[in-house]
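Geometric and topological summary
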Amino acid sequence: YQAKEGGGSVAAYDSTRDAASTDQLALLAELREALQADDQLVLALQPAVDLATGAPTGVEALIRWQHPRRGWLGPSDFIRPVENSEQLGTFTRYVLDKALSVAAGWARDGLDVPISVNLSARSLLDPRLPAEIADALRRHQVPPHKLVLEITETVVMSELEVIDEVLANLRRMGVQLAVDDFGTGFSSLAFVTRIAVDELKVDRSFVIRMADSPEAAAIVRATVGLAHELGLRVVAEGVETAEQRAALVALGCTAAQGYHFFKPMPADKIGAVLGSLRDSAESNVFPLRADG
Ligand code: C2E
Ligand code: MG
Ligand code: MG
Ligand code: MG
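Every chain is numbered on its own, with residues counted from 1 as its sequence reads. Written order decides the labels, with chains lettered from A and ligands numbered from 1. Predicted model: local features are reported for residues with pLDDT of at least 70 only, side-chain atom pairs are reported and counted for 80 or more only, and whole-chain, interface and lining totals are derived from all residues. In computing side-chain properties, one takes all heavy atoms of the structure into account and sets aside hydrogens as well as water.

Within an unreviewed UniProt entry, the label attached to the chain reads GGDEF-domain containing protein, and the organism entered is Micromonospora wenchangensis.

Put simply, DSSP H or I for four residues or longer makes a helix, DSSP E for two residues or longer makes a strand, and each gets a number counted from the N terminus. A count of helices and strands for the chain gives 11 helices and 10 strands. Each residue is placed in one exposure class: buried if its accessible area under a 1.4 Å probe, protein chains only, is under 20% of its type's maximum, exposed if it is over 50%, and partly exposed if it falls in between. Counting across all 292 residues of the chain, residues that qualify as buried make up 48%. Contacts spanning at least 24 positions in sequence make up 67% of the contacts within the chain whose residues lie at least 6 apart. Each accessible area value is a Shrake-Rupley result obtained with a 1.4 Å probe; residue values ignore everything except the protein chains displayed when judging cover. Here the chain has roughly 14400 Å² of accessible surface; of this, 55% comes from carbon and sulfur atoms. Only heavy atoms enter the contact rule, under which two residues are in contact if any of them lie within 4.5 Å.

Coordination shells were defined by N, O and S atoms within 2.8 Å of each metal, extended to 3.2 Å for Na, K and Ca; water is absent from the atom set, which can make sites look incomplete. With distances of 2.1 to 2.3 Å, the protein atoms coordinating the magnesium ion (ligand 3) are D180 (OD), D181 (OD), E237 (OE) and E237 (OE). All donors to the magnesium ion (ligand 3) come from one chain, and their sequence spacing reads D-D-x55-E. Here the magnesium ion (ligand 3) and the magnesium ion (ligand 2) are spaced 4.1 Å apart, linked through D180, which binds each one. In this pair, D180 is assigned in strand β6 (residues 176-182) and E237 in the loop between β8 (233-236) and α10 (242-250), connecting sequence segments 57 residues apart. Residues D180 and E237 agree in their burial class; the two are buried.

Next up on the list: the site of ligand 1. Around ligand 1 sit 22 residues, and of these R64, N118, D180, E240 and Y259 come closest. Within 3.5 Å is the distance limit for a polar contact, defined as a pair of N or O atoms, with the added protein rule that one can donate a hydrogen and the other accept it, and that residues adjacent in sequence qualify only through two side-chain atoms. A distance of 3.1 Å separates a nitrogen atom of ligand 1 from a polar side-chain atom of Q46. At a separation of 2.8 Å, an oxygen atom of ligand 1 approaches a polar side-chain atom of N118. Burial of ligand 1 by the surrounding chains reaches 80%, relative to a free accessible area of 800 Å². Those elements that provide at least two residues to the shell around ligand 1 are β2 (56-67), α3 (75-83), α4 (88-108) and β6. The leading source of residues in the shell around ligand 1 is β2, at 4 residues. Residue type decides the class: Asp, Glu, Lys and Arg count as charged, Ala, Val, Leu, Ile, Met, Phe, Trp, Tyr, Cys and Pro as nonpolar, and the leftover types, Gly among them, as polar. By residue class, the composition of the shell around ligand 1 is 9 nonpolar, 5 polar and 8 charged. Whether a residue is near a molecule or strand depends on its heavy atoms: if one lies within 4 Å, it is near.

One non-glycine residue, D38, adopts positive backbone phi at about 60°. Position of D38 among the secondary structure elements: in the loop between α2 (22-37) and β1 (41-50). For Q141, which is not glycine, the phi torsion reads 55° and is therefore positive. For Q141, a relative accessible area of 71% gives the class exposed.

So this is what it looks like as structure tokens:
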């Protein structure tokens, strides 16, 4: 089985892992309907904040599926089968379109915050992706640097050439790239030397273990140092406690995301949150301002 998206370079469908489970086939059929009906797949939005000022540094879009019969589904319930299906291209365009329409609304409200979208590594095997993204950016009138694509390096060596070419094209367009779950892959460091990226996201597993594991703390410190040396932004993921926040600040980390700050929220809530974050960050920076 060859997925249609991306032409012949797409790796063969792994029939042992995803078995022709009837449930997954049903799920994919339902996803096709959901993509057409356009009223079931929604984005949850989670701000990342500057640890010094509290200002929003970006907002990540996280997909949710309000399934008519199965209830609320998260990415772990359906992303894997989608990645292995010919619907991946449609799904990726759908998510990008939704995310950019949200970001276009912020610009209209005078909010200057980039939006981060998670991309399946497999969608980077489609050479048409950069042109599609360019088209979506134009349609929504969002400047390319306001879009951050979050990528986890989970690709096999044979696919590197295609993916590097797609990523290079995206960079030439001015889109930003982030390495998601940094430190968890086999070759996070190689990824950073191969592709010029803009941001490293410290995986939640290190943030959780930082307090009791010197190894985890060392990885966070090293990632922060690497980002600093390379002039990249660094964002710690999954921060749930004030202790973790303080430990990250002590390690020099400048931005973070997690339940301690905000849980992912619906699109109709995010504008107000970004507005008040910006306003309170401004009054932190200028504490004596009379009009603050
Ligand atoms: P990720 O990109 O690393 O996203 C972070 C995950 O951690 C999200 O889970 C988020 O809701 C969760 N999270 C954030 N803060 C906290 C915290 O303080 N504590 C805990 N326990 N969790 C926190 P979610 O939304 O279930 O997404 C899981 C993964 O699914 C994402 O990991 C991402 O790799 C993938 N994903 C999400 N949306 C999309 C999408 O639109 N397209 C693709 N291809 N993948 C997506
Ligand atoms: Mg992410
Ligand atoms: Mg992550
Ligand atoms: Mg993760």
